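# Analysis of the macromolecular model
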Amino acid sequence: AYPIGPSRLAPCPWPAFRVPPYKSAKTMMKPRCQWLRLASAAPRRRGYGVYRGVVPASTPMQAVRGLRTNPWGSRGFWRMGIRGISSGRGSAFSNGIDGIDDNRLGGGGDSTQLVRQNEPPSFPHVVAVPISRRPLFPGTYAPLSVTDPNLASRIIELSEQGTPYVGAFLRKNEPDAEEEKESAGDSRGEEAAGESGDSGGSAETTEKTDAYGGHSGESTYFDQVSSGVGDLSEIHSVGMLAQINRIVRSPLGGGIQVVLYGHRRIEIQGILEDSNPLAVAVTHRTDPTPQDNENTDLLKAYSNEIMGTIKQILQYNPVFKEQLQLFLSTVDISDPAKLADVSAGLTSAQASELQQVIEAFDLEDRMSLALLLLKKELEISKLQQEINRKVEQKVSENHRRFMLQEQLKSIKRELGMEKDDKEALIQKFKNQIEGKDVPPEAEKTIEEEIAKLSTLEQASSEFNVTRNYLDWLTSLPWGIFSKENFDITRAQQVLDRDHYGLEDVKNRILEFIAVGKLLGAVPQGKIVCLVGPPGVGKTSIGKSIADALNREFYRFSVGGLFDVAEIKGHRRTYVGAMPGKLIQCLKKTQTSNPVVMIDEIDKIGQGMRGDPSSALLEVLDPSQNASFVDHYLDIPVDLSRVLFICTANITDTIPGPLADRMEFIRLSGYIMQEKVQIAKSYLAPNALKETGLSEDDIVLEDSSIESLIRWYCREAGVRNLQKHINQIYRKAALNLVRADADADADTDTIIDAAAEKKEGAVDADKKQEEGKENKQKKGLGETL
Ligand code: ADP
């Protein structure tokens, strides 16, 4: 009765593998040996597992051993098979194998060498095993986790019977595969147990097939088969005759894990009735040979192209190389059909695309499909390498940058070019006071603060306060003075250059210089306060005085000022605390002897927060200001070398104690002649400069200045006069520009007019000629 399809065999009467077969071998092997005797009537075939195990029924233990030495039972084979399928996928897999290995049922053979699979007989019926991830290719292995109890026991049975062959068919894509994926897990065995093979439970399928092989967890190496085939519509009709290579009980319990080896294509012809799990009648399709095909050149071209593409892929993907080597050792690639299968099987294409290759019986079709998949794989490999390159480049760039920066830092530190931030800061402060004549008290404070700073945490607020304080302390012009000018003539010249008259003030400054020259030092004395109506030159002369004395000039107005902190500074404990105006002045001018003009001292305010005029007392008192203590700095600063000049409109509102410390110089208003002189010599030239006119453009006559002063600017000062003169000059500028524009326009008009005239003359000539012609015509008509 050869050949005997597995489905024809009688169901195994004993509970397969529940009890280790060795223990009760005598009782268990009897029915098996009966069957074996039956099978042994068939012609022997080399390599067919059943026959290798055949022994006389009287020695059942030998039969068991015979099975154990079968190629599918060998441990080494198992390992090779696994690698063949999931080459390069890491150690997790090997761990899994080790776990399973202890549990093995198939009996561990000692052989570790790769055993070539022999050609199985053409069974007319096979049990249909649905696979989901990707179709099985000839010469490749697929690990399955079978949790359907019926199917599992049938597989064990087949293996036991010595016909370890099934039909592996790819499941068609199902919409609820996703749901199954979620529910797949430990409960998978239970669910499957509730389903019978022919119940049509197609929903109980396996993990969803994805294009990348679905490496999402421990069980992903196994294609999950949780139910047998319920109906033919669930699976593709072309599949693979697969040999069951290895059976182990699932370590998770419930079901078995098997490795299938693909042999040849089979096509379903129909269902075998009453089979559970479903067995199908199949026709076996042998691979077409090149001889069958007329167009051998084309096949050769395909083969070459496929090989070329594989070589290209190898350049990008070394993992591919490993896989290929393994395949080459098992499959003869000189056969174009095999080559197409091998190359398609290597790709990570989608299951449906691979199934197309399985279903392609025509050699040309199969090769073109395989080539297409390979080309796609090549593109993916290129893309993958590009992505990899970019990521690596980015990582290495950042890494390189970091390394270089670190190196730079250490080199600089080594050379003493750069200290840590804090050290650099301290160094900066030390540099700032270098060469300055810092008084001992200030020096002590600076040292203390620097010591404090070095102990503070950089991120703390205290650090910032200390840093700011040190910044102020070290940036003050300790012991720095601008070189005084004791040259009376030069001072006189500078003063006269900027201001007319104001003899009292000028004389006072000259006196100051003269005394300074005689004493060899700057004289101490009363503070000068210029009192006079607005616009008489009180403020503007301050700058001239500074120039005449060759000192820096700083001006600030105290009009409306009511906060003492503006003069004496805030305490450092306040947020945003700053020193007062006088310390700011020293920092700004970077000299300890500037001319400081305190403007509008008669309008100083009085507020709730103390009296600024009283604060000014300390500043302006020559006997006190040598050790002026600002609230912020908290150390005495010498202001005695500063020349203070105050301005006021009236003296009445100046607080008594303050007025007491001042020497008033009164500037009365100017009379007509003075104003004319000021206008002619100072205001008009200034206005000329400001408006961009030249002296030829405008002449301001004395009589007009006089009438301007008499009728328009009758105030004491000259500010209004200055405004009027400026206005006159601006108007003159406008007139000048307008006249230029008109002149341009006129020129254009003249040119236009000339052009028109020319055109008019031409027209007149034409008219004349036309008139002549008309006359001639008229005369002619009359004659006629
Ligand atoms: P005050 O401060 O007294 O109100 P300013 O000093 O601001 O007056 O003077 C107003 C303008 O008048 C300034 O542009 C200044 O150049 C000019 N000025 C005042 N007096 C004279 C003068 N004697 N010589 C030249 N220009 C003067």
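Conventions we followed
- Residues numbered from 1 in each chain as written.
- Predicted model: local features only at pLDDT ≥ 70, side-chain atom pairs only at ≥ 80, totals over all residues.
- Heavy atoms only, no water.
- Helix = DSSP H or I, 4+ residues; strand = E, 2+ residues; numbered from the N terminus.
- Buried < 20%, exposed > 50% of the residue type's maximum accessible area, 1.4 Å probe, protein only.
- Areas by Shrake-Rupley, 256 points an atom, 1.4 Å probe, with all protein chains shown as cover.
- Contact = heavy atoms within 4.5 Å.
- Pairing = 2+ DSSP bridges.
- Axes fitted to C-alpha atoms, helices over the stretch in contact; angles between N-to-C directions.
- Near = heavy atom within 4 Å.
- Polar contact = N/O pair within 3.5 Å; in protein donor to acceptor, adjacent residues only side chain to side chain.
- 1 Å grid on protein atoms, 1.4 Å probe; cavity = no way out; pocket = protein on both sides within 12 Å on 5 of 7 lines; lining within 4 Å.
- Sits in = over half its atoms within 2 Å of the grid points.
- Nonpolar A, V, L, I, M, F, W, Y, C, P; charged D, E, K, R; others polar.
- Parallel < 35°, antiparallel > 145°, perpendicular 65-115°, else oblique.
- Left-handed = near helix turned anticlockwise from the far one by under 90°.
- Core = buried A, V, L, I, M, F, W, Y, C linked by side-chain atoms within 4.5 Å.
- Points joined across faces, edges and corners; volume = space filled by probe spheres on them.
- Domains from an automatic or database assignment.

## Some thoughts on the overall build of the chain
Within the chain one finds 26 helices and 14 strands. Residues classed as buried in the chain amount to 46% of the 784 residues present. For the chain, the accessible surface area stands at approximately 40900 Å², while carbon and sulfur atoms represent 51% of it.

## Re the environment of L314
Within the element layout of this structure, L314 appears in helix 9 (residues 296–316). In the structure, L314 is positioned 10 residues away from L324 in sequence and 9.0 Å away in space, judged by C-alpha atoms. Apart from residues no more than four positions distant in its own chain, L314 is found in contact with F320, K321 and L324.

## A look at the sheet that holds strand 10 (residues 595–599)
Taking strand neighbours across the sheet as the criterion, the 5 strands line up as 9-10-13-8-14 in an open arrangement whose pairing is parallel. The two strands at the open ends of the sheet, each matched to only one other strand, are strand 9 (553–557) and strand 14 (662–666). For this sheet, the mean inter-axis angle between neighbouring strands, taken without regard to orientation, is 25°. Lying over the sheet, helix 19 (residues 538–549) contacts strand 8 (527–531), strand 9, strand 10 and strand 13 (643–648), oriented at roughly 170° with respect to strand 10. Together, strand 9, strand 10 and strand 13 form the strand contacts of helix 21 (residues 581–589), whose direction differs from that of strand 9 by roughly 150°.

## Some thoughts on the site of the ligand
Residues in close proximity to the ligand total 18 residues, the closest being Y500, G535, K538, T539 and R719. Note that an oxygen atom of the ligand is positioned 2.6 Å from one of the side-chain N or O atoms of T539. At 3.2 Å from an oxygen atom of the ligand is found a side-chain nitrogen or oxygen belonging to Q722. Cavity membership is defined here by more than half of the atoms lying within 2 Å of grid points; on that basis the ligand lies in the second largest pocket. For the shell around the ligand, the secondary structure elements donating two or more residues are helix 19, helix 24 (672–691) and helix 26 (719–783). When residues of the shell around the ligand are assigned to their parent elements, the largest contribution, 3 residues, is made by helix 19. In terms of residue class, the shell around the ligand is made up of 9 nonpolar, 6 polar and 3 charged.

## Let's talk about the packing of helix 9 against helix 11 (residues 336–346)
At their nearest, the axes of helix 9 and helix 11 sit 10 Å apart, and the two run at 30° to each other. Here helix 9 is positioned roughly parallel relative to helix 11, judged by the angle of their axes. Note on packing geometry: the crossing formed by helix 9 with helix 11 is left-handed. Along the contact surface, helix 9 presents S303, I306, M307 and I310, while helix 11 presents P336, L339 and S343. Split into classes, the residues belonging to the contact of helix 9 with helix 11 amount to 5 nonpolar, 2 polar and no charged.

## As for unusual backbone geometry
Of note in the backbone geometry, Q590 takes a positive phi value of approximately 55° without being a glycine. Structurally, Q590 is set in the loop between helix 21 and strand 10. Phi is positive for D634, close to 65°, though the residue is something other than glycine.

## Describing the nonpolar core
Residues I598, I601, L620 and L633 are the most contacted members of the largest nonpolar core, which totals 54 residues. Discounting residues that sit within four places of it in the chain, L620 has contacts with I527, I598, I601, N625, F644, C646, L658 and M662. Of all hydrophobic cores here, the second largest spans 47 residues; its members include L158, V238, F320 and L324.

## Thoughts on the pairing of strand 5 (residues 238–249)
Judged by how many residues are buried, strand 5 sits mostly within the fold: 11 of 12 residues are covered. Where strand 3 (residues 165–170) meets strand 5, 4 bridges bridge the pair, whose relative direction is antiparallel. Bridging across to strand 5, A168 finds its partner in M240. Here 11 bridges tie strand 5 to strand 6 (residues 256–272), and the two strands are oriented antiparallel to one another. Of the residues in strand 6, the one forming a bridge with M240 is R265.

## Observations concerning the layout of surface pockets
Considered as a void within the structure, the second largest pocket measures approximately 560 Å³ in volume. Elements with a minimum of two residues in the lining of the second largest pocket: helix 17 (488–498), helix 19, strand 13, helix 24 and helix 26. Among the elements that take part in the lining of the second largest pocket, helix 24 stands out by supplying 7 residues, more than any other. Of the residues contributing to the lining of the second largest pocket, the split by class is 10 nonpolar, 10 polar and 8 charged. Split by domain, the residues of the lining of the second largest pocket number at least three in each of domain 5 (488–666) and domain 6 (672–761).

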